[in-house]
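# What the coordinates show
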Amino acid sequence: MKAHYPSEGMCDTYVTDESGSFVLPEKLPVGNYYFQEVNSPYGYLLEEGLLEFTITEGHDWEEPFSVEFEDQPARGRICIEKTDRETGEPLRGTVFEVRAKEDIAAPDGTVFIEAGETVDTLITGEDGRACTGELYLGKYEVGNRADARLCAKRTGVSGGASVPGSGHACSDGGTADL
């Protein structure tokens, strides 16, 4: 497409403004067209497919022709691994809370999660690992849950936390009564 602004020349790449829009420099003839996103704003996924649209016969150019596509927020996961400091063995059953360290917001200012809000509770598995679900990009804190109960088998076998009840001793502190 030949563009006449800001200077005359061929143009095949357009950049959106702060509102996420742009205006083509001239009317398009009847036909099928597509946009292909080559960069996405921070915090959003790059659209990998073609964004197709059609200009039909008799379009009233007095009204702007709008093509709208929504960006999908990028997400990630936090994974942790808990091991015994001395033996290196994985520790199962450790409870962690994941909280937003600050407001988690989209670039447009939309707040998804408020600072301090708990977004997930993790319990390590047999391999000592646990992962959150998908989270919006941002800063999070991971810490032992304040009300987590430390449990140990009455047999005195170390490294094996278990569900309270039926032959297990638990305490609310950092040690267990065996």
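Bear in mind the structure is a predicted one, so any value in this text is a computation, not a measurement.

Along the polypeptide, Glu 117 turns up in the loop between β9 (111-113) and β10 (118-123). Residues Glu 117 and Lys 101, spaced 16 residues apart in sequence, show a C-alpha to C-alpha distance of 8.3 Å.

Turning next to the state of the cysteines. According to the stated counting rule, one finds one disulfide in the structure shown. Bridging Cys 79 to Cys 131, the disulfide has an S-S length of 2.0 Å. Judged by the torsion about the S-S bond (115°), the Cys 79/Cys 131 disulfide is right-handed. Here Cys 79, found in strand β6 (residues 79-81), pairs with Cys 131, found in strand β11 (residues 129-131); they are 52 residues apart in sequence, far enough to count as distant.

As a further point, take the pattern of salt bridges. Taken as a whole, this structure holds three salt bridges when the rule is applied. Measuring nitrogen to oxygen at the nearest pair gives 3.3 Å for the salt bridge that ties Glu 126 to Arg 92. Separated by 34 residues along the polypeptide, Glu 126 in the loop between β10 and β11 and Arg 92 in the loop between β6 and β7 (95-100) bring together distant segments of the chain. Under the relative-accessibility criterion, Glu 126 is labelled exposed at 64%. The exposure class of Arg 92 is partly exposed, given its relative accessible area of 26%. One salt bridge in this structure joins Glu 97 and Arg 99, with 2.9 Å as the shortest N-O distance.

What counts and how
- Residues numbered from 1 in each chain as written.
- Predicted model: local features only at pLDDT ≥ 70, side-chain atom pairs only at ≥ 80, totals over all residues.
- Heavy atoms only, no water.
- Helix = DSSP H or I, 4+ residues; strand = E, 2+ residues; numbered from the N terminus.
- Disulfide = S-S within 2.5 Å.
- Salt bridge = Lys/Arg side-chain N within 4 Å of Asp/Glu carboxyl O.
- Buried < 20%, exposed > 50% of the residue type's maximum accessible area, 1.4 Å probe, protein only.

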